[in-house]
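Report on the structure
In case you want the letters, here they are:
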Amino acid sequence: MKKTADITVDYLGLKLCSPIVPSASPLSQEIEALVEMENCGAGAVVLRSLFEDPWEPSLPTPAAYFEEIARAKQHVKIPIIASLSATSESGWRTLAGQIADAGADALELNIYHPRLSRYVPSSLAEQTYIDTVKAVTHAVRIPVSVKLPPFFTNLAFLVRELRLAGASGIVLFNRFYQPDLDLLAMAPSYTLRLSTSAENRLPLRSLPLLYQQSEMDLAASTGIRSGADILKMILSGASITQVCAILLQRGIPWLKTLEQELRHWMDTCNISSLKKARGILSRRMMEDPGQIEREEYRKALQGYAQIDIPSWRDEVPLHIDSELKN
Ligand SMILES: Cc1cc2nc3c(=O)[nH]c(=O)nc-3n(C[C@H](O)[C@H](O)[C@H](O)COP(=O)(O)O)c2cc1C
């Protein structure tokens, strides 16, 4: 692999040798896997989350999790970012403090508030994020990032509030597992569907806005599956990219392929340094968001009209047979 371009990046005050970071998942729970990730070029690793209320036995207890952090720090040199999902204020504070004491280099908050009710204003859900960040940043000295879901009314305002509350970085975005409906069982079905590249339009859309309007470090997550995806995120304002589904499908050594592809695209686009390239395509997006949005919509409509969509008469019959067999 040609290694002339500089792919080092800064994230949460840490110096990373690469912007490619395996995101929180069971993949990072074994020490051997962490060593392999480091050997395959990962810039850092986010550990799976510690849940204050674990709902199943395979999830780690706090003691086991602190032990995982300590062992990770003994065996790999790349930064170890822990991930916490608590449910109470004391849980956030206490567990965050213990995670920092165990030696994590940074902490990612996996905040989940499924408070959907007609009696709960959306401002209260947002305030919960802000209060959580305040509680955690008062309890620890390590940098704290927040992994956000994609659907807030005004992301830029929320991110500014999170910064004032003490957060150093934002992960765009968490991906929740919406159930499907199994018509034969007449019940919800919870089969896990991994992301596709199409989903990375979500972070790609929000990065320029946040890059221009906040001083946060930004991590792109969801649907990042190729070196081209990684470069697009960085040009839009991301400091790092987190990858999960692609590693679950292809295995940890695929990190090397991602780096090769990234270097190929940097070469093709005449980019010699990722730090210098960060956000260079974000400004145009901010000139007139309204106009750009209208333009995007116009292009989307044109693009849609150009797709060769068979008329309903030519359509392939529905796969009822194969669905019944499954
Ligand atoms: C099996 C599995 C387990 C995951 N566990 C966690 C977790 O513990 N904490 C967390 O913040 N995200 C978790 N995630 C979400 C991923 O970190 C990531 O944000 C999401 O899969 C989107 O990235 P991707 O499109 O590259 O898969 C998990 C995802 C998968 C598929």
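Described in the following lines is the structure provided in the data block. Please read these numbers as outputs of a predicted model, since none were measured by experiment.

Ranked by size, the top nonpolar core spans 88 residues in total, and within it Ile99, Leu148 and Leu162 carry the most contacts. Once you skip the residues sitting within four places of it in the chain, Leu148 turns out to touch Tyr129, Leu155, Leu158, Val159, Leu162, Ile170, Val171, Phe173 and Asn174.

A word on the site of the ligand. If you check the shell around the ligand, you find 18 residues, and the closest are Ala24, Ser49, Lys147, Ser195 and Gly223. Between the ligand and the protein, one listed contact pairs an oxygen atom with a side-chain N or O atom of Ser23 at 2.9 Å. At 3.2 Å, a side-chain N or O of Asn110 approaches an oxygen atom of the ligand. When the free accessible area of the ligand is taken as 610 Å², the share hidden by the protein chains comes to 88%.

Relative to the helices and strands, Ser214 is located in the loop between helix 6 (201–213) and strand 11 (217–221). For Ser214, the side chain forms a polar contact with the main-chain oxygen of Leu210, separated by 2.8 Å.

This next bit is on helix 4 (residues 122–139). Its 18 residues place the ends of helix 4 27 Å apart at the C-alpha level, agreeing with the 26 Å of an ideal helix rising 1.5 Å per residue. All of the buried residues in helix 4 are Glu126, Thr128, Tyr129, Ile130, Thr132, Val133, Ala135, Val136 and Thr137. Those residues of helix 4 hidden inside the fold are in contact with helix 3 (89–102), strand 6 (106–110), strand 7 (144–148) and helix 5 (155–164).

Before going further, it helps to spend a moment on the packing of helix 7 (residues 227–236) against helix 9 (residues 254–268). Where helix 7 meets helix 9, the closest approach of the two axes is 7 Å, and the angle between their N-to-C directions is 60 degrees. With respect to helix 9, the element helix 7 is oriented oblique. As helix 7 packs across helix 9, the resulting crossing turns out to be right-handed. Facing helix 7, whose interface residues are Gly227, Ala228, Ile230 and Leu231, helix 9 presents Leu258, Glu261, Leu262, Trp265 and Met266. The class makeup of the residues in the contact of helix 7 with helix 9 is seven nonpolar, one polar and one charged.

A few words now on the sheet that holds strand 8 (residues 169–172). With respect to topology, eight strands assemble into an open sheet ordered 3-12-11-8-7-6-5-4, the strand pairing being parallel. The two strands at the open ends of the sheet, each matched to only one other strand, are strand 3 (20–22) and strand 4 (45–51). Strand after strand, the sheet turns through a mean of 25 degrees between neighbouring axes, direction not considered. Bridge count for strand 4 against strand 5 (residues 80–85) is five bridges, and the pairing is parallel. Within strand 5, the residue paired with Ser49 across the bridge is Ser83.

Tracing the chain through its elements places Leu231 in helix 7. Distance in space between the C-alpha atoms of Leu231 and Arg263 is 9.1 Å, their sequence separation being 32 residues. Contact partners of Leu231, with chain neighbours within four places excluded, come to Leu262, Trp265, Met266, Cys269, Ile271 and Leu274.

What follows deals with the pairing of strand 4. With seven of its seven residues buried, strand 4 lies for the most part within the structure. With helix 2 (residues 62–75) bridging strand 4 and the parallel strand 5, this β-α-β connection has right-handed handedness.

Turning our eyes to something else, we now look at helix 9. A rise of 1.5 Å per residue sets the reference length of helix 9, with its 15 residues, at 21 Å; its end C-alpha atoms lie 21 Å apart and thus fit the reference within 8%. Residues of helix 9 that are buried sit in contact with strand 3, helix 1 (31–39), helix 7, strand 12 (240–243), helix 8 (245–250) and helix 10 (274–277).

Let us look at the pattern of salt bridges. Tallied over the full model, the rule gives eight salt bridges. Taking the shortest distance from any N to any O, the salt bridge between Arg175 and Glu199 comes out at 2.6 Å. A residue pair is termed long-range when its members are at least 10 positions apart, and Arg175 in the loop between strand 8 and strand 9 (180–182) and Glu199 in the loop between strand 10 (187–189) and helix 6 qualify at 24 residues. On the basis of relative accessibility, which here comes to 26%, the residue Glu199 falls in the partly exposed class.

We now examine the pairing of strand 5. The element strand 5 is extensively covered by neighbouring structure, given that six of its six residues are classed as buried. The alternating pattern of strand 5 places Ile80, Ala82 and Leu84 on one face and Ile81, Ser83 and Ser85 on the opposite face, and all of these are buried. Where strand 5 and strand 6 come together, four bridges link them in parallel fashion. Looking at strand 6, one finds that Ile81 is bridged to Ala106. The β-α-β motif built from strand 5, the intervening helix 3 and the parallel element strand 6 has right-handed crossover chirality.

How each quantity is defined
- Residues numbered from 1 in each chain as written.
- Predicted model: local features only at pLDDT ≥ 70, side-chain atom pairs only at ≥ 80, totals over all residues.
- Heavy atoms only, no water.
- Core = buried A, V, L, I, M, F, W, Y, C linked by side-chain atoms within 4.5 Å.
- Buried < 20%, exposed > 50% of the residue type's maximum accessible area, 1.4 Å probe, protein only.
- Contact = heavy atoms within 4.5 Å.
- Near = heavy atom within 4 Å.
- Polar contact = N/O pair within 3.5 Å; in protein donor to acceptor, adjacent residues only side chain to side chain.
- Areas by Shrake-Rupley, 256 points an atom, 1.4 Å probe, with all protein chains shown as cover.
- Helix = DSSP H or I, 4+ residues; strand = E, 2+ residues; numbered from the N terminus.
- Expected span 1.5 Å × (residues − 1).
- Axes fitted to C-alpha atoms, helices over the stretch in contact; angles between N-to-C directions.
- Parallel < 35°, antiparallel > 145°, perpendicular 65-115°, else oblique.
- Left-handed = near helix turned anticlockwise from the far one by under 90°.
- Nonpolar A, V, L, I, M, F, W, Y, C, P; charged D, E, K, R; others polar.
- Pairing = 2+ DSSP bridges.
- Right-handed = clockwise from strand over helix to strand, strands pointing away.
- Salt bridge = Lys/Arg side-chain N within 4 Å of Asp/Glu carboxyl O.

Read these as layout, nothing more, since geometry by itself doesn't imply function.
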